[in-house]
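# Coordinate analysis (summary)
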Amino acid sequence: MSKISRRRIIGILFPTLLLVCPHFVLAKKLAVKVISSQTICQQQDRYIGWPTVVLTRDKELLAVFSGDRDAHVCPYGKTQMVKSSDQGATWSAPMTINNTPLDDRDAGIIQTRKGTLLVSWFTSLAFMRYNIKPAEMQAGWQRHVEKLSPETRQAWIGNWIRRSSDGGRTWGEYIDTIVNAPHGPVELADGRLLYAGISGKIGDSESPAPPAGKRIAVAESRNDGKTWKIISYIPIPEGVENGEDGFHELHAVETAGGKIVAMIRHHGSPGDKYLWQSDSRDGGKTWTQARPTDIWGLPPHLIRLKNNWLLVTYGRRKAPFSERACISRDEGATWDVANELNIADAPNGDLGYPASVQLDDGSIYTVYYQVAQLGEKTCLMGTRWRIEESD
């Protein structure tokens, strides 16, 4: 083929590619520019995990997490919150929102358009499996378990939300959300709250498992989080290793075009921890069959940036250990895995659950948990960063 012919073909194809798939041609290299990184909350000889952050309409950052713990699994987890009024430069001391008789885990937070704060979490009885308990803590845990009557366990095991209409100073009743996921629900453009999660009571071997096909569920609230009902289920393809049990810890986001993208943590064969994705184009009533992405990590947290890109953050629990992110420029149709973003390195694999908000100046604030130094228990950390583009 002559040079002239090649030029003519390129001249025809280039504008066509711009129209059909503009990011294929125009996508630039991405990098993380860290503005600041710090420990937000560290509790002496205590364990912290599984945070979420929100930027309120009063421009205050609120981060919630499970704190004051013995270990990754223990009876004593509490839902706690810290605040920042200066874009994450400084943070308050932790305040406790929930301290039920069970283990309060995986805190999520959003603020609705009405100004209501919703904090979500689930309670667990996993600490009753004594084989996972540190030996030096067995006696204390045993005494705690002996205080938990069957009636108490049944009353408190579940998936919960509490609401605050005064900026988090006081919190209302315990509301059953039916489903659970670490970062909680999201608000849609039509005002509904959508919660993609796992149905059933997590960590409770005494409760029946959800029927087949109804474990990965989507619930909604039409009254600002006061009541919830399941409206749909996300289908999993047949023959997937571990079946539905291999999927949990979802999060969702609504795109500028009105599509809802949900991503799911997956555990397959050893080492297979790629995120899976499902989409809805009818407000969450129906979903595409879940499919694997090329993003390795867990679990997902999704936001839509001001330029309408989607940002998913997740933890990398294999070397090199780190908090990571990936961008989609086309509403989740593709993800720029080649330009995976490294937000923060970590000393070991006890890390993750990063959640992000975009600040008014376009920078991103991400909270996550990990150890600050080897030999310490985990703490809550935060990084303020920007996405930089280059040719």
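Relevant structure appears above.
Residues numbered from 1 in each chain as written. Predicted model: local features only at pLDDT ≥ 70, side-chain atom pairs only at ≥ 80, totals over all residues. Heavy atoms only, no water.

## Observations regarding the sheet that holds strand 21 (residues 322-328)
The four strands lie next to each other as 19-20-21-22, forming an open sheet whose pairing is antiparallel. On the outer flanks of this sheet lie strand 19 (298-304) and strand 22 (341-345), each paired with one strand and no other. Across the sheet, the mean angle separating the axes of adjacent strands is 20° when strand polarity is ignored. (Pairing = 2+ DSSP bridges. Helix = DSSP H or I, 4+ residues; strand = E, 2+ residues; numbered from the N terminus. Axes fitted to C-alpha atoms, helices over the stretch in contact; angles between N-to-C directions.)

## Regarding the sheet that holds strand 18 (residues 291-296)
Across the sheet, which stays open at both edges, the four strands sit in the order 15-16-17-18 with antiparallel pairing between neighbours. Unpaired on one side and paired on the other, strand 15 (247-254) and strand 18 mark the two borders of the sheet. Averaged over all adjacent pairs, the angle separating strand axes in this sheet is 30°, with direction ignored. Sheet topology places strand 17 (residues 274-280) next to strand 18; three bridges connect them, and they run antiparallel. Note that in strand 18 the partner of Q277 across the bridge is R291.

## Quick word on the pairing of strand 23 (residues 352-358)
The buried fraction of strand 23 amounts to seven of the seven residues, a majority that puts the element mostly inside the structure. The antiparallel pairing of strand 23 with strand 24 (residues 364-370) creates a hairpin that spans five residues between the two strands, and G362 there sits at a positive phi of about 95°. (Buried < 20%, exposed > 50% of the residue type's maximum accessible area, 1.4 Å probe, protein only.)

## Quick look at the side chain of S124
Along the chain, S124 falls in strand 7 (residues 117-124). S124 sits in the buried class, given a relative accessible area of 3%. Here the side chain of S124 touches A126 through a polar contact of 3.0 Å, landing on its backbone nitrogen. (Polar contact = N/O pair within 3.5 Å; in protein donor to acceptor, adjacent residues only side chain to side chain.)

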